[in-house]
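Descriptive analysis of the structure
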Amino acid sequence: MTQLVQAIVLGLLIGGVYALMASGLTLIFGVMRIINVAQGAFLILVAMITWWLWRVTGIDPILASVITTPLMFGFGWVAYRLLLSRIRGASPSMSVLLTFGFALVIEGVLNVTAGNKFKSATPSYFEESFRVGAISLPKAQVFGFVAAMVVLAALYYVLTRTWTGRAIRAATQNPSGAALVGVGAAGTAALAFAIGSATTGVGGSILSVLYPFFPASHYDWISRLLGIVVLGGMGSLPGALAGAGILGLAETLTATYGSLNWSTLVFYIVIMVVLLIRPQGLFGAKLREDTV
Amino acid sequence: MTRLKAIPRAHLIAGLCLVALLVYPVINPWQPYPQAVMLLAFLLAVQASSWNIISGYAGYISLGHSMFLGLGSYTVGIVAARWGVNPLWIAPLGGVTAVVVAVLIGSVVLRTRGHAFVIITIAMLLAAQILAVNFKSFTKGSDGITLDLPFWDRDFQNIPFYYAFLILMVLTVLFSAWIRRTKLGTGLVAIREDEGKAASIGVDTTRFKIVGYAASSFFIGVAGGVYAYYLTFINPVGSFAILGSVTIVLAALVGGRGTLYGPVIGAFIVQVVSEAATVYGGGGNARVLVFGLALMVVVLFLPKGILPTVQAWWRARHPEKVEYTDQAGALSRTRVAVRERTEPSPAPAQGEVLLDVRGVSKRFGGLTAVDNADLTVRQGTITALIGPNGSGKTTLFNLISGGMQADSGEIWFDGRRIDGLRPWTRGHLGLGRTFQVTRLFKEMTVQENVVAPLPDSRWRTMLSDAVHGHEAARARELLDTVGLGRFADQPAGALSYGQQKLVELAQVLMLEPKLILLDEPAGGVNPSLLGRLTEVIRELNRSGVTFLVVEHNIPLVLDLCDPVVVFSHGAPIAEGPPSRIRTDPVVLDAYLGDDWADHGEDGPGDNGHGTTAAAREAVQ
């Protein structure tokens with residue numbers, strides 16, 4: 001029983017972090033219909049920067065997101081202006097290929113500069129745990145979860161309570177309508193891409209503590225995040241949250257009762273089963289199939 | 001010599017290249033290194049050409065296509081190691097595994113439109129890798145499987161593989177060319193161009209995509225079996241490498257995706273560059289960087305690829321003569337023949353109900369576009385559906401043709417309830433439609449556009465030749481009927497709006513329809529062609545085709561159609577023969593306006609209904 005509760009709590013903690021990582025991806029897709037395949041590479045890039053900051057200055061890796069978040073915001077803005085804005089209006093597949101190429105470039109650069117070895121940031125609390133009754137909660141997981149929830153709440157606030165957020169949501173739902181009432185699609189898109197990238201600032205910092213990583217880890221992460229987004233319904237923020245929770249749980253439960261080897265596979269099996277039953281994902285709206 | 005000239009230039013060049021490649025090892029037999037580079041280029045060409053079927057023709061990008069190479073390798077490797085068979089003889093087994101897996105994945109992911117596919121392809125590649133690591137009893141996990149060395153003399157080492165991969169490459173290109181020539185091929189391109197429209201002309205998009213995906217996997221699987229023998233060693237990381245997928249995508253993209261020879265050209269370029277990057281750039285790290293940069297550069301600056309860019313340049317240098325609509329031909333009295341449906345169901349007698357819409361509603365949020373509407377269309381009529389903009393006419397069309405699902409109500413067609421059926425099934429039953437704003441497949445030729453529709457769901461139809469044979473002949477005939485026969489080989493996007501309307505009508509006729517829904521057929525068609533259009537409609541109607549027409553050109557409607565149904569606020573408010581509709585006070589109030597009652601038979605002058613001189617003539 002304790003084992004089950006332990007697994008569930010851990011699963012939810014992991015799910016929270018996944019949700020944050022996937023939120024940027026789903027936001028970018030929602031606004032621009034762009035699948036940012038480089039999102040995983042952004043995460044690894046941030047993890048690498050965080051690791052380096054932690055090694056050089058001794059700053060707490062999760063706190064380092066105060067630095068990495070604005071950095072990634074700017075990075076995302078520039079990336080959009082320089083790269084993605086050039087293929088606006090091209091078929092969506094071109095953006096997949098472009099961001100895939102971008103991911104490879106980031107991987108290649110990290111390979112050359114940081115080397116091809118596994119790294120992990122290990123702050124002092126790395127191996128400590130909070131104990132609640134019989135359940136032990138690794139401190140790093142808890143801190144990561146709290147940071148993720150704070151950022152998600154802030155994101156939610158920005159999207160629902162500010163003009164900027166409403167502009168982004170308007171552009172999500174009806175780009176031409178939004179343009180009519182003065183919400184420029186290009187500016188909004190750049191902003192959304194920057195915000196989506198900024199979420200990897202926190203996500204990547206958390207990642208550097210919770211998971212060992214090396215440049216090519218981004219494939220693993222992007223397929224996990226894309227899985228979450230597909231499961232939840234592409235473009236839906238609540239969907240990403242639900243998808244992340246479910247997959248976090250599935251993963252820890254398999255790791256607890258099955259074996260660690262199979263837990264990643266369970267991830268993919270869950271996605272296929274959901275797609276079999278609900279092709280549009282849990283929270284995805286069925287697209288209007290005809291628009292003339 | 002004249003026969004040689006009849007072969008298209010591209011095929012001729014390809015043939016010459018093939019001869020050179022066949023001869024090369026004979027001329028230069030004892031150089032294993034260049035042979036190895038070449039045979040890897042053949043392997044990449046096999047993969048890129050195969051990828052091109054689902055991602056080039058159908059436009060569904062796969063980023064995990066190297067999975068099929070790994071599946072082929074493992075299938076052949078495992079079987080060869082267990083039963084001591086030579087991998088070369090059982091390589092086709094690898095293709096079978098690839099096809100089975102493609103069908104399984106495809107039937108889950110390809111049922112819907114959109115982006116899930118690309119995502120799942122990456123995920124499945126990684127899942128395959130995990131499976132290969134964990135299924136130790138079969139795959140020996142991360143240790144990998146070692147195969148026997150080739151049975152031939154070491155001196156010949158690469159030559160047999162050189163020819164094996166060369167043959168596979170030729171077969172793949174022939175296979176790809178064959179698919180592109182069939183209606184399967186035109187259907188796949190139609191899906192890329194406009195999936196909703198494709199579904200409306202009888203293309204079973206789900207099945208087409210799954211078949212396309214499976215077809216794109218077979219030769220890669222076979223090649224995987226041969227490749228395992230070439231390497232004599234397979235392991236999970238090497239077999240299911242994502243970088244392998246990158247090279248496939250890059251090769252097809254560089255050469256020109258969607259073209260026949262582009263992926264092959266790209267494969268040779270990418271293989272040579274990759275080899276150079278490994279030799280001069282310091283190994284694998286450099287390759288990732290080079291491939292990433294290359295991918296970005298190609299997407300940003302050469303999105304169509306080398307071959308189409310060169311072709312476009314060539315065409316700009318050698319312009320063809322401009323041709324015009326065959327007005328004389330179009331206006332001549334070529335008889336409009338409707339082909340008998342291959343499986344004639346007992347057609348309802350004249351005057352029986354063909355289409356029956358019962359209490360159908362459709363809401364978009366708070367807006368009720370169609371509100372508990374009833375509509376019957378009787379066999380043999382040309383029924384008009386008129387009403388103000390926004391009264392729900394086009395939405396009703398979408399509900400009938402299956403582009404949208406109704407919230408409530410029933411739709412019956414030819415004695416069958418159809419509101420739960422997919423759009424293509426409705427097409428197969430004999431229900432065709434045109435669109436208010438034409439939706440031709442702009443990158444296909446006019447002829448391909450007309451050949452694309454499928455009147456039934458049989459495999460034989462799907463695999464029938466779309467370039468020669470009776471389907472193509474039929475398309476030509478229909479194009480002549482609408483006066484556009486001369487344009488058969490032009491890209492549809494080059495046509496004027498009015499011409500596109502006519503092509504769309506020809507396209508629908510290819511479905512051998514019993515009922516055609518025409519959404520504003522007269523809009524944008526010039527007066528003389530409009531005359532021809534009404535004539536075509538009348539003739540088709542005489543030969544048994546029923547029409548339901550949405551049109552704002554009231555003189556045309558009153559002249560052509562009987563009965564006329566008037567829609568307002570999502571439901572019919574009046575129905576009857578034109579003479580009665582013209583004077584119906586309810587209709588005058590809701591739509592026509594008082595002018596109509598005053599002007600009587602002649603209709604109004606310039607009252608803003610867009611009446612044209614020809615249309616007025618048509619009334620008189």
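Keep in mind that what you see is a predicted model, and the values were worked out from it rather than measured.

The next point concerns the sheet that holds strand E5 (residues 382–386) of chain B. Residues and elements named next belong to chain B. Taken together, 6 strands build an open sheet; the order of strands is E8-E9-E10-E5-E11-E12 and the sheet is mixed. Bordering the open sheet on either side are strand E8 (431–433) and strand E12 (571–576), each of which pairs with just one other strand. If you compare each strand with its neighbour and ignore which way they point, the axes differ by 20° on average. Where helix H23 (residues 497–509) meets the sheet, it contacts E8 and strand E9 (515–519), and its direction lies at approximately 160° from that of E9.

What follows covers the pairing of strand E6 (residues 408–413) of chain B. All names here are of chain B. In this structure, strand E3 (residues 353–364) lies alongside E6, joined through 5 bridges in antiparallel fashion. Residue pairing in the sheet places Val357 in a bridge with Ile411 of E6. Pairing of E6 with strand E7 (residues 416–417) involves 2 bridges; the strand directions are antiparallel. Across the sheet, residue Phe413 finds its bridge partner in E7, namely Arg416. Between the antiparallel neighbours E6 and E7 lie 2 residues, among them Asp414 with a positive phi of about 55°.

In this section: the packing of helix H3 (residues 32–57) of chain B against helix H9 (residues 183–193) of chain B. Residues and elements named next belong to chain B. Here H3 crosses H9 at 45°, and the two axes come no closer than 8 Å. Overall, the two elements H3 and H9 adopt an arrangement that is oblique. Contacts between H3 and H9 involve Ile53, Gly56 and Tyr57 from the first element and Leu188, Val189 and Arg192 from the second. Grouping the constituent residues of the contact of H3 with H9 by class yields 4 nonpolar, 1 polar and 1 charged.

What follows covers the interface of chain A and chain B. Contact residues are listed per partner, giving 46 residues for chain A and 50 residues for chain B. Here chain A packs against chain B, burying approximately 4400 Å² in sum over the two surfaces, 78% of which is carbon and sulfur. For the side of chain A that touches chain B, the secondary-structure elements that each account for two or more residues are helix H4 (92–114), helix H9 (217–232) and helix H11 (260–277) of chain A. Examining the composition of the side of chain A that touches chain B, we find that 15 residues originate from one element, H4 of chain A, more than from any other.

This brings us to the sheet that holds strand E4 (residues 367–378) of chain B. Residue and element names in this part refer to chain B. In space, the 4 strands of this open sheet follow the order E4-E3-E6-E7, with antiparallel pairing throughout. The two strands at the open ends of the sheet, each matched to only one other strand, are E4 and E7. On top of the sheet, helix H18 (residues 393–401) reaches E3, E4 and E6; it is set at about 115° to E3, its chief contact.

Moving on: the packing of H23 of chain B against helix H24 (residues 527–542) of chain B. Residue and element names in this part refer to chain B. Where H23 contacts H24, the two axes come as close as 12 Å, and the packing angle between them is 15°. Classified by the interaxial angle, the pair formed by H23 and H24 is roughly parallel. In this structure, H23 meets H24 at a crossing whose hand is left-handed. Residues Leu502, Leu505 and Leu509 of H23 form the contact with H24, whose own contacting residues are Leu529, Leu533, Val536 and Leu540. Counted by class, the contact of H23 with H24 contains 7 nonpolar, no polar and no charged residues.

Residues and elements named next belong to chain B. The UniProt entry lists residues 35–54, 66–83, 89–110, 117–139, 159–179, 210–230 and 288–307 under the feature "transmembrane region" (unreviewed entry), expressed in the numbering used here. Each end of residues 66–83 is marked by a C-alpha atom, and these two atoms are 26 Å apart; helix forms 100% of the span and strand 0%. In residues 210–230, helix accounts for 100% and strand for 0%; the two terminal C-alpha atoms are 31 Å from one another.

Below, the discussion takes up H9 of chain A. Residue and element names in this part refer to chain A. A rise of 1.5 Å per residue sets the reference length of H9, with its 16 residues, at 22 Å; its end C-alpha atoms lie 23 Å apart and thus fit the reference within 8%. Of all 16 residues in H9, 15 are buried, a share of seventy percent or more. Trailing H9 by a residue or two, Gly233 shows a phi angle of about 110°, which is positive.

Turning our eyes to something else, we now look at the pattern of salt bridges. The final tally for this structure, using the stated rule, is 21 salt bridges over all chains. The closest approach of N and O atoms between Glu251 of chain A and Arg224 of chain A, which form a salt bridge, is 3.3 Å. Linking Glu251 of chain A in helix H10 (residues 237–257) with Arg224 of chain A in helix H9, this pair joins segments that are 27 residues apart in sequence. The pair formed by Glu251 of chain A and Arg224 of chain A is uniform in burial state, with each residue classed as buried. A salt bridge links Arg192 of chain B to Glu193 of chain B; the shortest N-O distance between them is 3.5 Å. Arg192 of chain B gets classed as partly exposed once you look at its relative accessible area, which sits at 30%.

Once that is clear, we can look at the pairing of E3 of chain B. All names here are of chain B. As paired elements, E3 and E4 share 8 bridges and run antiparallel to each other. Following the sheet pairing, Phe364 is matched in E4 by Leu367. Where E3 hands over to E4, the hairpin turn is made up of 2 residues, of which Gly365 adopts a positive phi near 60°.

Thresholds, definitions, all that
- In this numbering scheme, every chain counts its residues from 1 along its sequence in written order.
- As they are written, the chains are lettered A onward and the ligands numbered 1 onward, keeping that order.
- Local features in this predicted model are restricted to residues of pLDDT 70 or higher, and side-chain atom pairs are both shown and tallied only at a pLDDT of 80 or more, whereas totals for entire chains, interfaces and linings draw on every residue.
- Working from all heavy atoms in the structure, the side-chain values ignore hydrogens and water.
- Here a strand pair is declared whenever DSSP counts at least two bridges between the two strands.
- Strands here are runs of E lasting at least two residues and helices are runs of H or I lasting at least four, both read from the DSSP assignment and numbered beginning at the N terminus.
- Between N-to-C directions, angles cover 0 to 180 degrees, with each direction set by a line fitted to C-alpha atoms, over the stretch in contact for helices.
- The criterion used for residue contact is that any of the two residues' heavy atoms lie within 4.5 Å.
- The labels follow the angle: roughly parallel below 35 degrees, roughly antiparallel above 145, roughly perpendicular from 65 to 115, and oblique for the rest.
- Only Asp, Glu, Lys and Arg are considered charged, only Ala, Val, Leu, Ile, Met, Phe, Trp, Tyr, Cys and Pro nonpolar, and every remaining residue, Gly among them, polar.
- Accessible area that two parts lose when put together, with a 1.4 Å probe and added across both, is what the buried area reports.
- Should the near helix be turned counterclockwise from the far one by less than a right angle, the crossing is left-handed, whereas a clockwise turn marks it as right-handed.
- UniProt positions are given in the numbering used here, feature names are shortened, and annotations may be inferred rather than shown by experiment.
- Expected helix span is computed as 1.5 Å times (number of residues minus one).
- Categorising residues by exposure relies on relative accessible area from a 1.4 Å probe, with only protein chains included: less than 20% of the type maximum marks a residue as buried, more than 50% marks it as exposed, and the intermediate range marks it as partly exposed.
- Counted as salt bridges are all cases of a side-chain nitrogen of Lys or Arg within 4 Å of a carboxyl oxygen of Asp or Glu.

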